[in-house]
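# Coordinate analysis (summary)
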Amino acid sequence: MWQEAELSDRVANGQFDEDDWLISANSRQILPPHFLQKFAGQALNMHPGLLPQYAGLHCHQWAIRNGAEMFGATIHYMQSDIDTGAIVATESFAISPQDTGLSLFLRTLKCGSRLVSGVVEKICTNVPLTKIEQNLDQRHLYRHRDALDPRIDWSWPAQKIIDFIRAGNYVPFASPTYTAELDQTGHWHIMVLRARLSDRTPVDQPRGHIIDLTPDGPEIICGDGKAIVINRAQAAQTKVSLDDWNVYLTTFQRPWRQRGRDPRQTPSMNERYCNGL
């Protein structure tokens, strides 16, 4: 195993044998064609995603956001185009409703590690590798810049918003892309980490309106008329408590009353925090 600088030097100096293989695991480094040619079809990549549907970056987040039921890892031959080479091995597993961006990423790496071990064993024992060409008509390439917007779009259905929130949750670490935000402009910078569907029957209220402050947190109407309850959020890396929510809503929105208030007087998240969505 070599560090990137040492590997580059070896390639430049031709310090490889015909039997050498290059195996890249979850690397964001795009290797140039002349680099790959040194290995004469013996360069493999462990991609944390199922190909060809999930090529590119942050695919585990997109799987959650897309409502996918299954995810996994793939080992494929490396070529000049990103994640397009023939598939050597793949393994899939079910996505849990409790998975976050972080937990699904870690599960995918464990899956990929098992695949790498199996493939290396075959190479070392001269067992021929499977080679299945991808159907590139099914390919979707996810780019880093497409996964950076943290704003919650309250026109989305409730389940899509819940999945968007959990896909960006990397606590206790920083997300490599986004963490869902409730307030981008106010004094409080609220990061939303968890939400659940409300038990409330869908109501005819404008999307983004707070219709209650439950013991778990604010209950907000979504684009399909269903509501979600934000049950975990942080401000300045501190959990937002029920008392915090009361202070927040009283300070930055019109006067707030607990249960029994007139729903026609409820504030709108869209109006306050999601201008332009």
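Every value quoted in this text rests on a predicted model; they were computed, and no experiment measured them.

### Here we look at the overall build of the protein chain
A count of helices and strands for the protein chain gives seven helices and eleven strands. Within the span of the protein chain, comprising 277 residues, buried residues form 47% of the whole. When contacts within the protein chain are restricted to residue pairs at least 6 apart in sequence, long-range pairs at least 24 apart make up 63% of them. Of the roughly 14,700 Å² that the protein chain leaves accessible, carbon and sulfur atoms contribute 49%.

### A closer look at the packing of aromatic side chains
Counting across every chain of the model gives five aromatic pairs. Judged by centre distance (5.3 Å) and plane angle (70 degrees), the rings of Trp156 and Phe164 are edge-to-face. In this pair, the class of Trp156 matches that of Phe164, namely buried. With centroids separated by 4.6 Å and ring planes inclined at 15 degrees, the aromatic side chains of Phe164 and Tyr178 adopt a geometry described as stacked. With a gap of 14 residues between them, Phe164 in helix H5 (residues 158–167) and Tyr178 in the loop between H5 and strand S7 (190–197) connect regions that are remote in the sequence. One exposure class covers both Phe164 and Tyr178, and it is buried. A connected cluster of aromatic rings, assembled from ring pairs, spans Tyr54, Trp62, Phe71 and Tyr142. The cationic tip of Lys131 hangs over the ring face of Tyr77; the distance from NZ or CZ to the ring centre is 5.0 Å.

### As for the pattern of salt bridges
Taken as a whole, this structure holds eight salt bridges when the rule is applied. We note a salt bridge from Arg166 to Asp163, for which the minimum N-O separation is 3.0 Å. In this pair, Arg166 and Asp163 are both assigned in helix H5, three residues apart and thus about one turn of the helix distant. Each of the two residues, Arg166 as well as Asp163, counts as buried. Measuring nitrogen to oxygen at the nearest pair gives 2.8 Å for the salt bridge that ties Arg200 to Glu219. Residue Arg200 is found in the loop between S7 and strand S8 (210–213), and its partner Glu219 is found in strand S9 (residues 218–221); the two are separated by 19 residues along the sequence. For Glu219, a relative accessible area of 3% translates into the label buried. Within the structure, one salt-bridge network assembled from shared partners comprises Arg200, Asp212 and Glu219.

### A short note on the sheet that holds strand S1 (residues 22–25)
Spatial strand order, S1-S2-S4-S5: four strands in an open sheet with mixed pairing. In the strand order of this sheet, the two ends are held by S1 and strand S5 (87–94), each with one partner. Strand-to-strand twist in this sheet, taken as the mean axis angle between neighbours without regard to direction, amounts to 10 degrees. Pairing analysis gives four bridges linking strand S2 (residues 43–47) to strand S4 (residues 70–77), with the strands arranged antiparallel. Its bridge partner lying in S4, Asn45 is registered against His76. Helix-sheet contacts for helix H4 (residues 101–124) involve S1, S2, S4 and S5, and the interaxial angle to S5 is about 145 degrees.

Analysis parameters
Residues numbered from 1 in each chain as written. Predicted model: local features only at pLDDT ≥ 70, side-chain atom pairs only at ≥ 80, totals over all residues. Heavy atoms only, no water. Helix = DSSP H or I, 4+ residues; strand = E, 2+ residues; numbered from the N terminus. Buried < 20%, exposed > 50% of the residue type's maximum accessible area, 1.4 Å probe, protein only. Contact = heavy atoms within 4.5 Å. Areas by Shrake-Rupley, 256 points an atom, 1.4 Å probe, with all protein chains shown as cover. Phe/Tyr/Trp six-rings, centres within 6.5 Å; stacked < 30°, edge-to-face > 60°. Lys NZ or Arg CZ within 6 Å of the ring centre and 35° of its normal. Salt bridge = Lys/Arg side-chain N within 4 Å of Asp/Glu carboxyl O. Pairing = 2+ DSSP bridges. Axes fitted to C-alpha atoms, helices over the stretch in contact; angles between N-to-C directions.

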